[in-house]
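Examination of the molecular architecture
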Amino acid sequence: MKRVSKLGFSMAIAVGLVAASSLVSAAPAQKTIVEDPINDANALNDQGTGDGSFGNNETPADVSSVTDITALKMSNDAKNLYISIETEGPAQGTQGVGARVRMNPDGPGGSYCLVFEVFQPGAGNALDNTEAHLRDTCTGETTPVEAVGNMFTVPRKISKALGKGAVLKAPQVNTFIYLGSSFPAGIAAPVMDTTTVGDDYKMVDKKK
Ligand SMILES: [Ca+2]
Ligand SMILES: [Ca+2]
Ligand SMILES: [Ca+2]
């Protein structure tokens, strides 16, 4: 019996890997939206409540790689929006962590309509797998989406804000420690690294 379950487990991993590589290869070449220095994942920031103007604080140097943001990259095709949050180390380390991209500011003090969040399993939380969603704070809807590591594949049909010719305004990235169980029960704090606000991203759509 043990053997069978072991085989089942490794087959699940193999299928997962194939799914991951096909997702990544399906994405069009990505545009760099924000760059961020390394060695500033030290939680010396606005704790995610602001607009990124707190800046990058590289002293004291951090000990984190999985939460140390280096870049935000995006691309899209007719079907999906692809968002990659790149970090110094792989998204899934030993510590339970997460990352979010916020877009379309809706007011002062870090209020954004579109919040893409990904949560990685690890020490301090009870997740079995990577979990991700789009939380639309303006409509109040939260929709699960696929993520492999910190790369989201977001079906554009889930939100009007991702429609044809849409402009995604003022994207900004945070990373955080993620404790507890699945959203919204878990605790996303402290915020380890933040970025400045990036350029607007205009969806690439063919004209009729
Ligand atoms: Ca680092
Ligand atoms: Ca930073
Ligand atoms: Ca960084």
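The structure we're discussing is the one just above.
Below is a summary of the structure that appears in this document. (Residues numbered from 1 in each chain as written. Chains lettered and ligands numbered in written order. Predicted model: local features only at pLDDT ≥ 70, side-chain atom pairs only at ≥ 80, totals over all residues.)

Okay, the sheet that holds strand 12 (residues 187–194) next. One key point about sheets: their strands pair by backbone hydrogen bonds, in either a parallel or an antiparallel sense. The strand order 7-6-5-4-11-12 describes an open sheet built from six strands, whose pairing is antiparallel. Of all the strands in the sheet, the pair left with one neighbour each is strand 7 (141–144) and strand 12. Pairs of neighbouring strands in the sheet enclose a mean axial angle of 25°, with direction left out of account. Relative to strand 12, strand 11 (residues 172–179) runs antiparallel, the two being bridged by five bridges. Looking across to strand 12, one finds that Thr 175 is bridged to Asp 193. (Pairing = 2+ DSSP bridges. Helix = DSSP H or I, 4+ residues; strand = E, 2+ residues; numbered from the N terminus. Axes fitted to C-alpha atoms, helices over the stretch in contact; angles between N-to-C directions.)

What follows covers the sheet that holds strand 9 (residues 151–155). Spatial ordering of the open sheet is given by 1-2-3-9-8, a layout of five strands whose pairing is antiparallel. In the strand order of this sheet, the two ends are held by strand 1 (31–35) and strand 8 (146–148), each with one partner. Direction aside, neighbouring strands of the sheet carry axes that sit 20° apart on average. Across five bridges, the pairing between strand 3 (residues 80–87) and strand 9 is antiparallel. The residue of strand 9 that forms the bridge with Tyr 82 is Thr 153.

This part is about the pairing of strand 2 (residues 69–76). Pairing of strand 1 with strand 2, which is carried by four bridges, proceeds in the antiparallel orientation. Residue pairing in the sheet places Lys 31 in a bridge with Met 74 of strand 2.

This part takes up the nonpolar core. By size, the foremost hydrophobic cluster in this structure holds 36 residues, and its most contacted members are Leu 72, Ile 83, Val 101, Phe 116, Phe 152, Val 173 and Phe 176. In terms of residues, this core owes the most to one element, strand 5 (residues 111–119), which gives five residues. If sequence neighbours within four positions are ignored, Ile 83 has contacts with Met 74, Val 101, Phe 116, Phe 152 and Val 154. (Core = buried A, V, L, I, M, F, W, Y, C linked by C-beta atoms within 7 Å. Buried ≥ 20, exposed ≤ 12 C-beta atoms within 10 Å, placed from the backbone. Contact = placed C-beta atoms within 7 Å.)

For the rest of this paragraph, the subject is the pairing of strand 7. Both strand 6 (residues 131–136) and strand 7 contribute to a ladder of four bridges, which runs antiparallel. For Leu 134, the partnering residue across the bridge sits in strand 7 and is Thr 143. From the end of strand 6 to the start of strand 7, which pair antiparallel, there are four residues, and Gly 140 there has a positive phi angle of about 80°.

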